[in-house]
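# Residue-level structural notes
The chain contents come next:
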Amino acid sequence: MGVSLFGLVVVFWAASQMVPAQSAVFEATRLEGTANPDLNGIWQALNTANWNIEPHAARAGLATVDGPTGEVPAAAVLALGAIAAVPGGSGVVEGGAIPYQTWALEQRQENRANVLTRDPEVKCFMPGVPRATYMPYPFQIVQSTNKILVVYEFASASRTIHLDTVGPSPVNAWMGHSVGRWEGDTLVVDVTDQVEDTWFDRAGNFHSDELKVTERYTPMTPDHLQYEAIIEDPNVFTRPWTISMPLYRHKEANAQLTEFKCVEFVEELVYGHLRKEQLVRRWEGDLGLLGQRLIIDVTRTLPDELR
Amino acid sequence: MHNRIRGLFKGSTLGVVLAASAISAVISMSMTRMTGQVTRPATVDGQPNLSGIWQANNEANWDLEAHAARAGSVMQEGIYPYPYARVPAAPVVALGAAAGVPGSLGVVQGDGEIPYTTEAAAIKQENGEHWIDRDPELKCYLPGIPRAMYMPYPFKITQSTNKIHMSYAFANAARTIHLDDVARPPDYTYMGHSVGRWEGDTLVVAVDYFNGKNWFDRAGNFHSEALRLEERFTLVTPDRIQYDVTIEDANVFTRPWRISMPLYRRVEPNIQLLEYRCTEFAEEFMYGMLRKEPLVTRWEGETMIVDVTRKVPEGDALYDWYRK
């Protein structure tokens, strides 16, 4: 073999320079009694993925009209001023752009022009996977040996990740059917049988009912998970694509999920047009600026099939 | 010597060196992927280095105090006169669940209540009811301290020995914390005047000279120009600061009170502050009535039409001047 002592010294010196001071590969605490990492806890993403998973600049609103020099907020969101504007983000899609088929790009464009009427989040539908992971609300992982329960604050959505053998899903569901396994310290989850009605974000990114998502949860430090999701849908995309982001553990002593049962919150939006007497009609604001008032009038219309 | 050096590049020795560097490269790549700013020094002049991009991850910007979730940020009475039967009002009804207010256990320490004087409590109540008219955030005014620290946008800390600078994505707000001696500011401002010192490993910052025009959150919690803060930043782990603020304002509160929360380092490798110049976004909202022809008038949804009318009092000089 002829390895010289000098060569060995060089090797060890070089290796010590290149490996960072702390332990290079994080070893997570095990779930008690098992060989797997303990993912129990309350987690949340901290990015703008729910606004748009692709890289995007800030915008005046989710619904806009053309002004003389650019977009301005539409009537539906005007009164919320800077709060209804869309913050920019560097995106979570690896490679930047989602590889849509040509027809699908047009569909996305149409979705984007009608976010307030079409985004299922607005009507508090369950967000599906992976959107539930990066909505701006916390979620909780409850981990056992044969099942992992993930409970999301938004709409109290939840799903069970089956680590044991289960039959196939009998029907498509909003939160899909999740089957998981451990690959080393990474939890790998295959999510199938989702309905086609969920979006990936508030920017109209969508899929069909043949969507398959492969999630990977890897502990990186005691308080960070690296989350990746590989998206496959041959009806909509030209190839599989991946999103990735860190998930942050909630560290406040009193961290817990609170209820955000938005089905009741959106009843007026979804069903208010069916009231005999319209309830939400006019709002007059006092902007405190130059004495002007901003008046919002809401009229409800019955869809053709109900008239 | 020559032969020894040549020996280094022969066969198996070279192979071992290459293998070691390949393994190290893989390891350091996975570290870089997680922590992004891996080349940052742990200390600056012996003090913990707080530099980096940080963000709070809570509902403090909605309401510092504990609160249940509710349907909308602006509400009106429903069919039944009970408080829990209120419904989203016209400005927010079209946004559905996206304009709901998430619940929270709050960040106010002690008994969780902000200790207002009786008069101030009435003002806070009114602020909350007229949130959409009065919250300076909607008009993209500079958010002040501590609000800038827990808005749902990242901010960047750049730490040196005599100054620590904080730049906020929201409205490009910024402040400099002076660790050295500086003169008092010439005027009261939105972001106040920050003077800092190290107490052991904790950065302690005294902030005053506020103009009193800011709110603490979207619930109408407010203060006057007599506001004085003592902030404490403690690096608990390399990726987490415990942020603690003692708040005093003799015009508004009966005693000092505290808020406390973790701030999390944004660890994705491509993190950077992006612009959120909301002044331009809020222009139509604030000044749209000065257009000769109104621009934002109607939005039609599937079951809803939203009309916007602007009303300006008679004899408004600025309005008349613009429309001449």
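Residues numbered from 1 in each chain as written. Chains lettered and ligands numbered in written order. Predicted model: local features only at pLDDT ≥ 70, side-chain atom pairs only at ≥ 80, totals over all residues.

## Some remarks on the overall build of chain A
Secondary structure assignment for chain A yields 7 helices and 13 strands. If you line up chain A on its principal axes, its C-alpha atoms span 90 × 50 × 50 Å. Counted over contacts in chain A with a minimum sequence separation of 6, partners at least 24 positions apart contribute 59%. (Helix = DSSP H or I, 4+ residues; strand = E, 2+ residues; numbered from the N terminus. Contact = placed C-beta atoms within 7 Å.)

## Here we look at the environment of Glu-259 of chain A
With respect to the helices and strands, the residue Glu-259 of chain A is situated in the loop between strand S11 (241–249) and helix H6 (262–265). You can call Glu-259 of chain A exposed: it has 12 C-beta atoms within 10 Å. C-alpha of Glu-259 of chain A to C-alpha of Ser-156 of chain A: the two residues are 103 residues apart in sequence and 6.8 Å apart in space. Aside from chain neighbours lying at most four places away, what touches Glu-259 of chain A is Ser-156 of chain A together with Ala-69 and Gly-103 of chain B. (Buried ≥ 20, exposed ≤ 12 C-beta atoms within 10 Å, placed from the backbone.)

## Quick look at the environment of Thr-160 of chain A
Residues and elements named next belong to chain A. Among the structural elements, Thr-160 can be located in strand S6 (residues 158–162). The spacing of Thr-160 and Arg-202 is 42 residues in sequence and 25 Å in space, taken between C-alpha atoms. Once residues within four sequence positions are removed from consideration, Thr-160 is found in contact with Lys-147, Leu-149 and Ser-178.

## Some details on the confidence of the model for chain B
All names here are of chain B. Of all residues in chain B, 86% have pLDDT values of 70 or greater, and the mean over the chain is 88. Contacts from residues 7–11, a stretch scored under 50 in pLDDT, to residues over four places away or in other chains number 8 contacts. Considering only residues more than four positions removed or in separate chains, one finds that residues 19–37, a stretch of pLDDT under 50, has 29 contacts. The ipTM, which scores confidence in the relative placement of chains, is 0.83 for this predicted complex, and the corresponding pTM is 0.85. (pLDDT = per-residue confidence, 0-100.)

## Some points on the domain arrangement of chain A
With domains assigned, chain A is organised as domain 1 (41–55 + 90–262) and domain 2 (276–306). Between the C-alpha centres of domain 1 of chain A and domain 2 of chain A there is a distance of 35 Å. (Domains from an automatic or database assignment.)

## As for the interface of chain B and chain A
Each partner contributes to the interface: chain B provides 90 residues, whereas chain A provides 92 residues. For the side of chain B that touches chain A, the element with the highest residue contribution is helix H2 (residues 11–35) of chain B, accounting for 12 residues. Broken down by class, the residue content of the side of chain B that touches chain A amounts to 51 nonpolar, 22 polar and 17 charged. In this sheet, strand S15 (residues 304–311) of chain B lies alongside strand S13 (residues 293–300) of chain A in antiparallel orientation, the contact comprising 8 bridges. By the bridge assignment, Leu-294 of chain A is partnered in S15 of chain B with Arg-310 of chain B. (Nonpolar A, V, L, I, M, F, W, Y, C, P; charged D, E, K, R; others polar. Pairing = 2+ DSSP bridges.)

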